[in-house]
Amino acid sequence: MLLKKISGSFHDLKPLISLVFIISSPKYRAFATHQLTPYSTPNPSISNTKSHSNLNHALLQMSIQGLDMKFRDYDALLNECVNSKSLRGGQRVQSHMIKTRYLPPVYLRTRLIVLYLKCEILNDARKVFDEMRERNVVSWTAMISGYTKTGFYSEALSLFVQMLRSGTYANEFTFATVLKSCVGPYGFEYGQQIHSHIVKSPFEFHIYVGSSLLDLYAKSGKPHEARIVFEGLPERDVVSCTSMISGYAQLGLDEEALGLFRTLQRKGMVFNYVTYVSILTALSGLAAFEYGKQVHGHVLRSELTSYIILQNSLIDMYSKCGNITYARRVFDEMPERTAVSWNAMMAGYSKHGLGKAVVELYNKMRDENNIKPDSATLLTVLSGCSHGGMENTGLRIFDEMVCENGIGSIDLSIEHYGCVVDLLGRAGQLERALRFIKEMPFEPNAAIWGSLLGACRVHKNAGVGKIAGDYLLKMEPRNAGNYVILCNLYASDGKWDEVRKMRELMKGTAVKKEPGKSWIELRRTMHTFYASDRSHPRKDEILSKVREISDRIKGFGYCPDLSCVMYDVDEEQKERLLLGHSEKMALAFGMMNVSAEKAIRIMKNLRICVDCHNFAKFVSQVYGREVFIRDKSRFHHIVNGVCLCGDYW
DNA sequence: TTAGGGTTAG
């Protein structure tokens, strides 16, 4: 929806660059504060609206006064309407103006725009704006802000261009606002042009403008540029700092986010709830449970606990750190919840493969009348059923959704259909999944074909797998993961010609796999391992431990799955490469350092490979260890040789 | 009178 709005009419915009001359002129200056002069003597009974706690009473006074309304009277009434978000009040004031043929000055018309925007009536605000014979920077900025806040970015930018053309200079409010409309793939170019305008304006180092700018760069995937803007600010407050932290966190640069947070913490910065939400996102990414608990402690001491969003982030953090019990405790203790709270809790259960708990919570949510499930709820429930091995329940819930008696009010997106493909795939109904894809009201995307291909790999169905793979390779010719899965699938089916073909294709497209990385937190220190890592100070010890474990579990039936190695090397070399997988090193390191009665918790940036999964299952059985592995897709909770994922991920 | 940072899902 938002993308539609963004991409909608950006292309219709004339390049801003042609307007550089307008605002780069030396005439650019700060504007004098608008001085308000009363147009005539006000009516005390209305002008003192503040003293009337009841707006209706003042509006009644207005009717009684008849034609005798003055600027100050209207001003006072509109002020009260804005404060109390009274749309009806604003409409009555406006009709009174029309009835009495009063021609409101720019200031009052702008107040009306602000009121309508506050009441989220964009069209009425625009109508007032369009009828203005003259406008000032405030009216322009208010209207631009209205479009920005509602996600109509192209309209906001279009108005900005019109404003410059009309000869009105942008001020710090305008720049801070309009930059928000440049977030998104199509807007960045405009953002850069606006940045060049800002550089020539007196507002380059304004803290609001700077925060907007750095946020734009961060959200456009340019953390380096964002940091330059951040460092260039003459002063930094909690918002600009939070913007930088959240920019890092949203780009997955969790360590950088944590580093900046800790630096600011040492400097004594007082954070607010948004900062904590942002740092919790980074800690969720890192699965840094100990840090997370520490931050939770700060939150409790800082009296910020009443923020629902912050509580939601805590639920998310604990569940992504593998501690679903703590997550549930936060959830249970919340005095008030939003749909996001429920969704976050269900998502936690889902990632842990606890499908039953997801459905239980979903039913409870539906029973509570005050919160309505939204489209994210349904995605979570469907994916929860899929992860939890509850295919039939998931399919039943989907049917409920699409039939008339269902929830009905929720728009189904392609992601919902993707979840159904997952469910059918997991249930091994691959032909049915293929038919479902062909019949669904969306054009299948790479995620859908990827999901089907993954299911074909698990159920070893090379026929449907080839169909999905062909589509997928056309859509994502440079995604190495797809070639890897197809290779595995063909290899498991003995189709060596196809395997060779895939390898050739991989070479031809020069695809590169993202390097595998696993990490483990020990006493608040992160130990990170890369595939075939030789950088860790205890590398020799760790690698020999991996070998020792491998030898021991082989005696219990472990057999290295050489099909997981994509390199064209001999079998011995393949086994050596498998032993070098980062999660095996992290697991060995965990066994060396985590006491026997405690579970070993490992994180991996990619999906765990079949061989490492199998390796961990044998470790749990032979050594009697409980192992949690969080991979890109979910948690693997492995006890006594069995993983809760049911070997499907 | 107009302004900057935030949570869940795939």
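Above this text is the structure in question.
The following refers to the structure shown.

Cut-offs and rules
- Residues numbered from 1 in each chain as written.
- Chains lettered and ligands numbered in written order.
- Predicted model: local features only at pLDDT ≥ 70, side-chain atom pairs only at ≥ 80, totals over all residues.
- Heavy atoms only, no water.
- Salt bridge = Lys/Arg side-chain N within 4 Å of Asp/Glu carboxyl O.
- Helix = DSSP H or I, 4+ residues; strand = E, 2+ residues; numbered from the N terminus.
- Buried < 20%, exposed > 50% of the residue type's maximum accessible area, 1.4 Å probe, protein only.
- Contact = heavy atoms within 4.5 Å.
- Axes fitted to C-alpha atoms, helices over the stretch in contact; angles between N-to-C directions.
- Parallel < 35°, antiparallel > 145°, perpendicular 65-115°, else oblique.
- Nonpolar A, V, L, I, M, F, W, Y, C, P; charged D, E, K, R; others polar.
- Left-handed = near helix turned anticlockwise from the far one by under 90°.
- Near = heavy atom within 4 Å.
- Polar contact = N/O pair within 3.5 Å; in protein donor to acceptor, adjacent residues only side chain to side chain.
- 1 Å grid on protein atoms, 1.4 Å probe; cavity = no way out; pocket = protein on both sides within 12 Å on 5 of 7 lines; lining within 4 Å.
- Points joined across faces, edges and corners; volume = space filled by probe spheres on them.

### Considering the pattern of salt bridges
- All chains considered together, the criterion is met by 19 salt bridges.
- Taking the shortest distance from any N to any O, the salt bridge between Arg576 and Glu572 comes out at 3.4 Å. Linking Arg576 with Glu572, this pair stays in helix α32 (residues 571–579), spanning four residues, or about one helical turn.
- One network of salt bridges, with partners in common, ties together Arg227, Glu231 and Arg236.

### Focus: the side chain of His581
- Along the chain, His581 falls in the loop between α32 and α33 (582–593).
- We classify His581 as buried; its relative accessible area is 19%.
- For His581, the contacting residues outside a window of four places in its chain are Cys609 and Cys612.

### Digging into unusual backbone geometry
- With a phi angle near 50°, Lys85 is a residue other than glycine that sits in the positive phi range.
- Counting through the fold element by element, Lys85 comes out in the loop between α5 (71–83) and α6 (87–99).
- Under the relative-accessibility criterion, Lys85 is labelled partly exposed at 46%.

### Brief notes about the packing of helix α31 (residues 539–554) against α33
- It is the contact of α31 with α33, at a shortest axis distance of 9 Å, that shows an interaxial angle of 95°. Classified by the interaxial angle, the pair formed by α31 and α33 is roughly perpendicular. From α31, Glu541, Ile542, Leu543, Lys545, Val546 and Ile549 reach across to α33, where they touch Lys584, Met585, Ala588, Phe589, Met591 and Met592.
- Grouping the constituent residues of the contact of α31 with α33 by class yields nine nonpolar, no polar and three charged.

### Considering the packing of helix α19 (residues 308–320) against helix α20 (residues 324–333)
- Between α19 and α20, whose axes approach to 7 Å, the crossing angle comes to 165°. Relative to α20, the element α19 is oriented roughly antiparallel. In the packing of α19 onto α20, the handedness of the crossing is left-handed. Listed contacts from α20 to Gln311, Leu314, Ile315, Tyr318 and Ser319 of α19 are Ile324, Tyr326, Ala327, Val330 and Phe331.
- Its residues placed into classes, the contact of α19 with α20 shows eight nonpolar, two polar and no charged.

### Side note on the protein's contact with DNA strand B
- Taken together, 52 residues lie near DNA strand B, and Ser211, Asn272, Tyr273, Ile309 and Asn312 sit nearest.
- Counting only the atoms of DNA strand B that lie within 4 Å of the protein, the sugar and phosphate share comes to 50%.
- Residue Lys149 places a side-chain N or O atom 2.7 Å away from a phosphate oxygen belonging to DNA strand B.
- One of the side-chain nitrogen or oxygen atoms of Asn312 is found 2.6 Å away from a base oxygen of DNA strand B.
- With seven residues, the single largest contributor to the surface near DNA strand B is helix α15 (residues 238–250).

### Some remarks on the layout of surface pockets
- Of the volumes computed, that of the second largest pocket is approximately 1200 Å³.
- Lining the second largest pocket are 44 residues, with Lys149, Ala176, Thr177, Lys180 and Ser212 sitting closest to its centre.
- Of all the elements in the fold, those that place two or more residues in the lining of the second largest pocket are α7 (106–118), α9 (137–149), α11 (172–178), α13 (207–219), α15 and α17 (273–286).
- A total of eight residues in the lining of the second largest pocket trace back to one element, the largest contributor, which is α9.
- Among the residues making up the lining of the second largest pocket, the classes are represented as 19 nonpolar, 17 polar and eight charged.

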